[in-house]
Amino acid sequence: MKLKDYYPIMILTALAGVLLFSNLGNQYLWQDEAETAILARRTLEYGYPKAYDGKNLINPTIRTSFSEDYGWRYHPWGQFYITAAAFRLFGESNFSARVFFALLGLLNIPLLYVLALRLTRESFTALTASVLTAFSVNYLLLMRQARYYAPAVFLVLLALIFYSRYLEKRKWSDILGVYISLTALGYTVHGMFLPVFSAICLHYFIFYFQRKTFPVFGLFIIFTAGSVAPWFLYSNSGAHVAAISAKRLWKNFEFQIRMINKFIMPVFFFFGAYAFRLIWKRRWKIKLSTEEARAVWLILPVLLLSIAAFLFAEERNFRYLVYFIPLLAIVEGMILFRLFKFNRR
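This one's a predicted model, so the numbers in the text were calculated from it and none came from an experiment. (Residues numbered from 1 in each chain as written. Predicted model: local features only at pLDDT ≥ 70, side-chain atom pairs only at ≥ 80, totals over all residues. Heavy atoms only, no water.)

Caption draft 1: Representation of the environment of Glu-168 in the model. With respect to the secondary-structure elements, Glu-168 resides in helix H7 (residues 149–169). When its relative accessible area of 38% is taken as the criterion, Glu-168 is described as partly exposed. Excluding anything up to four places from it in sequence, Glu-168 contacts Arg-118, Arg-121 and Arg-294. Only 2.8 Å separates the side chain of Glu-168 from the side chain of Arg-121, close enough to count as a polar contact. (Helix = DSSP H or I, 4+ residues; strand = E, 2+ residues; numbered from the N terminus. Buried < 20%, exposed > 50% of the residue type's maximum accessible area, 1.4 Å probe, protein only. Contact = heavy atoms within 4.5 Å. Polar contact = N/O pair within 3.5 Å; in protein donor to acceptor, adjacent residues only side chain to side chain.)

In structure tokens:
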């Protein structure tokens, strides 16, 4: 591709930057952001996020959120070190607490374009996915917060880009990129690490398993699981898991589907549109191109295993679905590509 082919995504990224950074520091930090900021301050003081500084105890209602030495155990520490770095560079303010998260939210737009283009080989689909994400109010609101949302999306997209490259080229550098991305995700938000890591492993074993590549991929599985295991052993991960009951599982499932349909992708509208199109043209089978199938069968395991994992969550929150926004935007791009009959010929 020539440089001019990238002009649309460059312009879109600039527009997204305006939306992400405008008045970024004008609003006070809300409760969870304030927790991030205070723990970041303690990180600069003690070298790690410490819940108690001798005077104030963070979130004392959750007795298992800190260890005996008051190290924070309720969330992984990635977001605290990101905020601490911003405080070190720019001083403490609402803006500095959020600036690196907004920057990652901005970088996610071209990253999404790269992933969508790599999977579908269609610039229309890639740009459409990027536009839908860049102008998603829900995406923008989450990216402008000093929480794990922006780095989580960044690391999921990065892991999928490296993984798709590995499937094509079988290079060590690419599987190393997947390892680094997923390990960083585990130390940023472990609840998202589990389904994404599991989805990549499942995808490999179903679609790309080969005896000659398994030793490398097996080492990847061992090193990734081993690298993230210390956090699971140290943390209070079980506090995020609800008491299991059929009622809770159903409510968590219904919540996720409702949030997806209402705020991320109008699933039922697209189903209706496709059903009308199939009836109108009397075609009862949907044939996917090689590229479309490759994209669908990579994205689908991530979404399904994530939904399954979040069935067991103690709380029902839209923010857990934040990385669904760009991934489903790729699916929307493919659907719109077909509905409006765009093609490369």
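Caption draft 2: Molecular detail of the environment of Ala-37. Tracing the backbone shows Ala-37 in helix H2 (residues 31–46). The sequence separation of Ala-37 and Ala-97 amounts to 60 residues, and the corresponding C-alpha distance is 6.4 Å. Sequence-distant contacts of Ala-37, that is, excluding residues within four places in its chain, are made with Leu-29, Thr-83 and Phe-87.

Caption draft 3: Spatial organisation of unusual backbone geometry. Here the phi dihedral of Tyr-70 falls at roughly 70°; this positive angle occurs in a residue that is not glycine. Within the secondary structure, Tyr-70 is located in the loop between H2 and helix H3 (78–90). Notably, Arg-170 is not glycine yet its phi reads approximately 55°, a positive angle. Note that Arg-170 resides in the loop between H7 and helix H8 (172–186). A relative accessible area of 28% places Arg-170 in the partly exposed class.

Caption draft 4: Layout of the nonpolar core. Judged by nonpolar contacts, the single largest core of 89 residues is most densely connected at Leu-182, Ile-200 and Tyr-323. At 13 residues, H7 tops the list of elements feeding residues into this core. Ranked by size, the runner-up nonpolar core spans 7 residues in total, among them Ala-51, Ile-58, Phe-66 and Tyr-74. (Core = buried A, V, L, I, M, F, W, Y, C linked by side-chain atoms within 4.5 Å.)

Caption draft 5: Up close: helix H1 (residues 7–21). For H1, spanning 15 residues, the distance from its first C-alpha to its last is 21 Å, which sits close to the expected 21 Å at 1.5 Å a residue. Where H1 is buried, its residues meet helix H4 (94–120), helix H5 (123–134) and helix H6 (137–143). Where H1 terminates, the next one or two residues include Asn-23, which has phi positive at roughly 55°. (Expected span 1.5 Å × (residues − 1).)

Caption draft 6: Representation of the environment of Leu-336 in the model. Its place among the elements puts Leu-336 in helix H14 (residues 324–339). Along the backbone, Leu-336 and Tyr-320 are 16 residues apart, and their C-alpha atoms lie at a distance of 26 Å. Other than its neighbours up to four places away in sequence, Leu-336 contacts Phe-124, Thr-128 and Phe-270.

Caption draft 7: Here's a closer look at the pattern of salt bridges. On inspection of all chains with the given rule, the structure shows 12 salt bridges. Across the pair Glu-92 and Arg-41 runs a salt bridge whose closest N-O atoms are separated by 2.8 Å. Linking Glu-92 in the loop between H3 and H4 with Arg-41 in helix H2, this pair joins segments that are 51 residues apart in sequence. Exposure remark for Arg-41: the relative accessible area of 39% places this residue in the partly exposed category. (Salt bridge = Lys/Arg side-chain N within 4 Å of Asp/Glu carboxyl O.)

Caption draft 8: Molecular detail of the packing of aromatic side chains. Within this structure, the stated rule accounts for 28 aromatic pairs. Between Tyr-323 and Phe-324, the ring centres sit 5.2 Å apart and the planes meet at 80°, which makes this aromatic pair edge-to-face. You'll find Tyr-323 and Phe-324 in the same group, each marked buried. These aromatic residues form a ring-pair network of at least three members: Tyr-163, Tyr-166, Phe-193, Phe-197, Tyr-204, Phe-205, Phe-209, Phe-214, Phe-217, Phe-220 and Phe-232. In this structure, Lys-50 is placed above the aromatic ring of Tyr-46, and the distance from its NZ or CZ to the ring centre is 4.5 Å. The side chain of Arg-170 reaches across the aromatic face of Tyr-166, ending 5.7 Å from its centre. (Phe/Tyr/Trp six-rings, centres within 6.5 Å; stacked < 30°, edge-to-face > 60°. Lys NZ or Arg CZ within 6 Å of the ring centre and 35° of its normal.)

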